[in-house]
Amino acid sequence: MDRESGTARRPWLAWAAAAAVFAAALAFQVARIPALEHDVVWAEDGAIFLRGALEDPAGSILAPYAGYQHLLPRLLAGAIVALAPLAGYAAVVFWSSAIIAALVCAATIPLARWAVPWLPARIALGLVPVVVPLVAPEIIGNLADLHTFMLWLGVWIALSMPATRVESWVVAVAAFVAAMTEVQLLLMLPVLLLRIHVRRPLLWPVIGGFLLGLAGQALSWLLAPRAGYDGVPIGIPDVVVGWLANVVMPTLRPTEQGIREAFASQGPLAAAPILAGFAVAALVVIVLGSWRARIAGAVVLLASASSFGGSLLASPIEQFQYASMQGDDWLTAIVDLRYGGAAGMLLAAIVPIAASVIAERLAGRWRAIGRPVLALGLAAFIGAMAWQSPDTGSHRIGVEPWSEQVERQAARCGSGQGPELLLIAPYNRELALDCRTIVDEP
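Where do I start with the overall build of the protein in this structure?
A tally of helices and strands in the protein yields 19 helices and two strands. Here the protein has a C-alpha radius of gyration of 22 Å; the compact-globule value for 442 residues is 22 Å, and the two agree. Within the protein, contacts between residues separated by at least 24 positions form 79% of all contacts whose residues are at least 6 apart in sequence. If you sum the accessible surface of the protein, you get close to 18,500 Å²; carbon and sulfur atoms cover 67% of it. The averaged location of the 30 negative side-chain charges in the protein is 19 Å from the averaged location of its 27 positive side-chain charges.

Dropping the structure here:
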């Protein structure tokens, strides 16, 4: 049960909160991506997962890509190809991905109760994964980036404490799927190893499922390492400056042009005001928080920095040498990097954790006054990110709806003509499918 007395006496409140967070997260995603763009296939969703499901439904499930496993996207692509017409693939992918992201948001409510006992803080925490502005341009509504939500889910699973045997095994399965979908959950290995010593048998299946998934990722990395990048040197200064530009700034100042101009004129100091706000929240957790809150705070902050840094180091290209950029160099810099989406989620998590710490510390009349004020502050923080999210645009714009393309290709094939290339996002990438695939739908 929750340590927070109100939800301990009334556990249905947490379930109601989880349902509300699910509905709000799903509605936000659907509204954030224009309806026409729900019918657009995104990058790997077509070239890797769709093609794999069509050509080798069983064998593709555990096939590594770009150095690691993508279990959840491959399972979903296989199911969609088996159950839906090819023309509906894009729309079903969008809705399936949005529902899974909303479920991750809802799952945060029970998973975070061990470290974040105040329910309003957990509600804010649950909304973070969909409102962080950099999540929207690429990450929402596709299979390829479900690993971002699995990183968030895995962090809170690593910090969770199941209350029942059923919950333990459900979370264990979720841990395995998350770990087999997001390789960077290897960052949680120290947390898991420390928790092995906890005398809580209900925690052991969770750790076991997590470790099994991580073993699969490690094996894939060894057998099929990531390749195809420039191999230029990326150092810690590049990671730090890149983190300021792609993670810190976009949380509350998300426009590409605004970030570029600010860094061109002020350099990395442009991020100082926003970073200061997160630093204050971190200080509150460190000074006033319980040992559980301190652990959670340390984990999310280190995971934010490490996940972003690991992404740069694993994909070394010249554009990621942020520390060498000066002045007008920033006007063409990459400052909407999708790696910043996951790291931004984890950075933003420190604010609800800090709010929960303060709420627990309040007593007497200060409790009655302070908690509503804290709740309003959290609502303003979440609302500010959600309000600015549309400023980041969408990388699906301008791609012809998938269903129209497939129907046109089916007509061409039916009249004896060969199919043309299908266009997918971003930037009208091309995908070739033969007539047998287009016409002979499952």
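Is there a simple way to think about the packing of helix α11 (residues 236–252) against helix α13 (residues 272–288) in this case?
Between two packed helices, the angle of one axis relative to the other and the distance separating the axes together describe the packing. Axis separation between α11 and α13 bottoms out at 9 Å; the angle between their running directions is 80°. As summarised for this structure, α11 and α13 are arranged roughly perpendicular, according to the angle between their axes. The residues of α13 that touch α11, namely those facing Trp243, Leu244, Val248, Met249, Thr251 and Leu252, are Ile274, Leu275 and Phe278. For the contact of α11 with α13, a count of residues per class yields eight nonpolar, one polar and no charged.

Which parts of the structure should I look at to understand the packing of aromatic side chains?
Two numbers describe a pair of aromatic rings. These are the distance of the centres and the angle of the planes. Under the counting rule described, the total for this entry stands at nine aromatic pairs. Centre to centre, the rings of Phe320 and Tyr339 are 6.3 Å apart; their planes meet at 70°, and the pair counts as edge-to-face. Here Tyr339 lies in helix α15 (residues 339–348) and Phe320 lies in the loop between α14 (291–314) and α15, a separation of 19 residues in the sequence. Residue Tyr339 is classed as buried on the basis of its relative accessible area, which comes to 14%. An aromatic cluster of at least three residues, connected via ring pairs, comprises Phe263, Phe320, Tyr322, Trp330 and Tyr339. Note that Arg195 overlies the ring of Trp114, its terminal NZ or CZ placed 4.6 Å from the centroid.

I tried to follow the side chain of Ser160 on my own but got confused; where do I start?
Note on placement: Ser160 falls in the loop between α7 (146–158) and α8 (165–179). A residue is classified by how much of its surface remains accessible, and Ser160, at 2% relative accessible area, is buried. If near-sequence neighbours (up to four positions away) are discounted, Ser160 is found in contact with Leu111, Val171, Arg195 and Leu203.

Looking at this structure, how should I read the confidence of the model for the protein?
Taken over all residues, the pLDDT of the protein has a mean of 92, while the share at 70 or more is 96%. Contacts from residues 1–5, a stretch scored under 50 in pLDDT, to residues over four places away or in other chains number 18 contacts.

How should I be thinking about the nonpolar core in this particular structure?
Burial of nonpolar side chains together is a common tendency in soluble globular proteins. Core analysis: the biggest nonpolar cluster contains 148 residues, and Tyr89, Trp156, Phe210 and Trp402 have the highest contact counts within it. The biggest single contributor to this core is helix α5 (residues 89–111), with 13 residues. For Trp156, the residues in contact, after removing those within four places along its chain, are Thr108, Leu111, Ala112, Val116, Leu125, Val300, Ala349 and Ile353.

Please explain the state of the cysteines as it appears in this structure.
Here a disulfide denotes a covalent bond joining the sulfur atom of one cysteine to the sulfur atom of another. Enumeration according to the criterion identifies one disulfide in this entry. A disulfide bridge connects Cys413 with Cys435, and the sulfur atoms are separated by 2.1 Å. In this structure, the disulfide formed by Cys413 and Cys435 twists by about -85° around the S-S bond and is classed as left-handed. Pair noted here: Cys413 is in helix α18 (residues 402–414) and Cys435 is in helix α19 (residues 435–439), with a separation of 22 residues, a long-range link.

What is the right way to read the environment of Ile236 from this model?
Note that Ile236 resides in helix α11. Distance from Ile236 to Gly46, taken between C-alpha atoms, is 35 Å for residues 190 residues apart in sequence.

What is the right way to read the pattern of salt bridges from this model?
Where side chains of opposite charge bring their charged atoms close, a pairing between them can arise. Under the definition given, this model contains seven salt bridges. In this structure, Glu256 and Arg260 form a salt bridge, with 3.2 Å as the shortest nitrogen-oxygen distance. Of this pair, Glu256 and Arg260 both sit in helix α12 (residues 256–266), four residues apart, which is roughly one turn of that helix. On the basis of relative accessibility, which here comes to 27%, the residue Glu256 falls in the partly exposed class. We classify Arg260 as buried; its relative accessible area is 16%. Connected via shared salt-bridge partners are Glu138, Asp145 and Arg338.

Where do I start with a nonpolar patch on the surface in this structure?
A contiguous nonpolar patch, built from Leu219, Trp221, Leu222 and Leu223 and spanning about 470 Å² of accessible area, is present on the exposed surface. With respect to the helices, strands and loops of the structure, Leu219 is situated in helix α10 (residues 204–223).

Before we go on, may I ask you to explain the environment of Ala386 in this structure?
Here Ala386 lies in helix α17 (residues 364–388). With 312 residues separating them in the primary sequence, Ala386 and Arg74 have C-alpha atoms 30 Å apart. Ignoring anything within four residues of it in the chain, the contact list for Ala386 reads Phe28 and Val131.

Scoring rules and cut-offs
Residues numbered from 1 in each chain as written. Predicted model: local features only at pLDDT ≥ 70, side-chain atom pairs only at ≥ 80, totals over all residues. Heavy atoms only, no water. Helix = DSSP H or I, 4+ residues; strand = E, 2+ residues; numbered from the N terminus. Rg over C-alpha atoms; globule rule 2.2 N^0.38 Å. Contact = heavy atoms within 4.5 Å. Areas by Shrake-Rupley, 256 points an atom, 1.4 Å probe, with all protein chains shown as cover. Lys, Arg positive; Asp, Glu negative; His and termini not counted. Charge placed at Lys NZ, Arg CZ, Asp CG, Glu CD. Axes fitted to C-alpha atoms, helices over the stretch in contact; angles between N-to-C directions. Parallel < 35°, antiparallel > 145°, perpendicular 65-115°, else oblique. Nonpolar A, V, L, I, M, F, W, Y, C, P; charged D, E, K, R; others polar. Phe/Tyr/Trp six-rings, centres within 6.5 Å; stacked < 30°, edge-to-face > 60°. Buried < 20%, exposed > 50% of the residue type's maximum accessible area, 1.4 Å probe, protein only. Lys NZ or Arg CZ within 6 Å of the ring centre and 35° of its normal. pLDDT = per-residue confidence, 0-100. Core = buried A, V, L, I, M, F, W, Y, C linked by side-chain atoms within 4.5 Å. Disulfide = S-S within 2.5 Å. Salt bridge = Lys/Arg side-chain N within 4 Å of Asp/Glu carboxyl O. Patch = residues over 30% accessible without salt bridge, like charges linked within 9 Å, V, L, I, M, F, W, Y side chains within 5 Å.

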